[in-house]
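Residue-level structural notes
What follows is the residue order along each chain.
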Amino acid sequence: MPVDRPDALPAARRPHRLAGGQPGLLAPGATTDPHRLRLYRLLRTEYPLGYDPGLGAWLLSRYADVALALTDPRFTGYPHDGTPRGRAPVPLGLCRGSLVCVPSAAPYRAAEPAVERTAYVLARRIAGRDRADLVADFCRWLPAGAAAAAAGLAYPGLSTLPRGGLNRRTGGGDCAGPTALREHALASFLANMLDDPDLLAAATAGEGAATLLGRAWAETLRRDPPVQIVLRRTRTEVAVSGGTLPADAPVACLIGAAGRDPARFGAPDRFDPLRADADPLLIGPAGCPAALLGRLEAEHGLRALLTAMPGIRWADGFRPAAGGLLTRGPRTLLIRPS
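Attention shifts here to the environment of isoleucine 283. Mapped onto the secondary structure, isoleucine 283 falls in the loop between helix 10 (255-258) and helix 11 (289-308). Put simply, isoleucine 283 and leucine 221 are 62 residues apart on the chain and 5.8 Å apart in space, counted from C-alpha to C-alpha. Apart from residues no more than four positions distant in its own chain, isoleucine 283 is found in contact with Leu92, Gly93, Leu94, Ala218 and Leu221.

Right, let's talk about helix 4 (residues 112-127) for a bit. When the terminal C-alpha atoms of helix 4 are compared, their 22 Å separation across 16 residues agrees well with the 22 Å that a helix rising 1.5 Å per residue should span. Restricting attention to buried positions, one finds in helix 4 the residues Ala114, Val115, Thr118, Ala119, Leu122, Ala123 and Ile126. Along helix 4, the residues classed as buried sweep out an arc of 165° about the axis, all on the same side. Those residues of helix 4 that are exposed and angled more than 90 degrees off the buried face are Pro113 and Arg124.

Checked against the element boundaries, threonine 234 lands in strand 5 (residues 229-234). A relative accessible area of 2% places threonine 234 in the buried class. For threonine 234, the side chain forms a polar contact with the main-chain oxygen of proline 246, separated by 2.7 Å. When near neighbours in sequence (up to four residues on either side) are disregarded, threonine 234 contacts Arg74, Phe75, Leu245, Pro246, Ala247, Asp248, Ala249 and Val251.

Right, let's talk about the pairing of strand 1 (residues 49-52) for a bit. Pairing of strand 1 with strand 2 (residues 57-60), which is carried by four bridges, proceeds in the antiparallel orientation. Pairing of glycine 50 across the sheet is with leucine 59, part of strand 2. Between strand 1 and strand 2, which pair antiparallel one after the other, the connecting turn spans four residues, and glycine 56 there sits at a positive phi close to 75°.

Basis of the calculations
Residues numbered from 1 in each chain as written. Predicted model: local features only at pLDDT ≥ 70, side-chain atom pairs only at ≥ 80, totals over all residues. Heavy atoms only, no water. Helix = DSSP H or I, 4+ residues; strand = E, 2+ residues; numbered from the N terminus. Contact = heavy atoms within 4.5 Å. Expected span 1.5 Å × (residues − 1). Buried < 20%, exposed > 50% of the residue type's maximum accessible area, 1.4 Å probe, protein only. Arc of directions from axis to C-beta. Polar contact = N/O pair within 3.5 Å; in protein donor to acceptor, adjacent residues only side chain to side chain. Pairing = 2+ DSSP bridges.

Here it is, written out as C-alpha cells:
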C-alpha cells in the first residue's frame, strides 16, 4: 500500500508553502476543504508550531496544544472581532465569549415552544415543493425565529425576522443575538443526519432518541465546528509540543484541525455520535445561551422536517459539501421532500 506522504500528493492538492516549507493557512483551496487538501494534517504532523504571516499569528493545530491555549491562564483573549480579554468566556463552538452573556438555561428553555413552532412552520412550507434548499429555506430562518423568541419579542411573520441577528436594544447583546454561526451548525447537523438513514431513524424514535440527538449535535460541533479558528494571546512564554510560543504573541487555535486529531480521537473523520472518546471541550461553555438555543434548533428542526417530510432525501446527484475556513458549513443542502 502506498504511503500517504505530502510530497506524493498530486500538484493540484498540494497546499501553498511559505518560506521554510510550512503550508500557508490561507492557501488556495483551503476555504473549500482544508481536510481534503490535507492542510490540517500537514500542520499537525510536520509544523505543529509555526508563524503564518498572512493571518498574523502563530498556529496551533494539535488537540493537546489547542486545549492548552483554551484553558491555561497563560493565555488570554485576543482583541479581535469583539473577543474578550482575561477571565471572560473563550469564544468557542457557538459561544462568542460576550462580556454581557449570562449563562442560564431558563430563558432559553422558555423559548422552546417558539423554536418548535417556527421549525414546523418552515418544514410545512417546504413539504409541498418538488425540491428545496434547506440552507436557504430552513437553516437561515429557524435561528432568527429562536433569537426573536429568546429576546421576548412577539412572534413575528417569517418575512420580517432579522436573519442577521438581534441588536442589543432588543435583547441580542449576548451570544443568542447573532445567528450566523447557528445557521452553519444547524446545516452541518442536518447534513450529517440525512447522510445516515439508520442513524436518522434511531435518533427520532424510541426512548433513547433525545439522548442520541444530543450526542449527534455534540459530534457535529467536534467534527464540523462552525468556528474553525479561535484567536488567543500569550501572557508569557509558553511551551507547546512544537516549541515555545513567545510572550504577548497572537495565537490561532485551529479548532477544525484539533477536532480531527487522530492522537485524541479514533477515526476522527468519521461522524460517530456513539464514540467513546467524545470530549466536551471543543463544544464550548455548557450554559452558553447560543449553545442551548442551537441544540433546541437542531432537535426540533430535525423532528419537524421528518414529520412534514417522512420521505425526505437528497436531490438526485447532490452531495453535501462544506465551505469556509474561518467559519465553515454547507452552502446548500438540496433535498427532495418526498
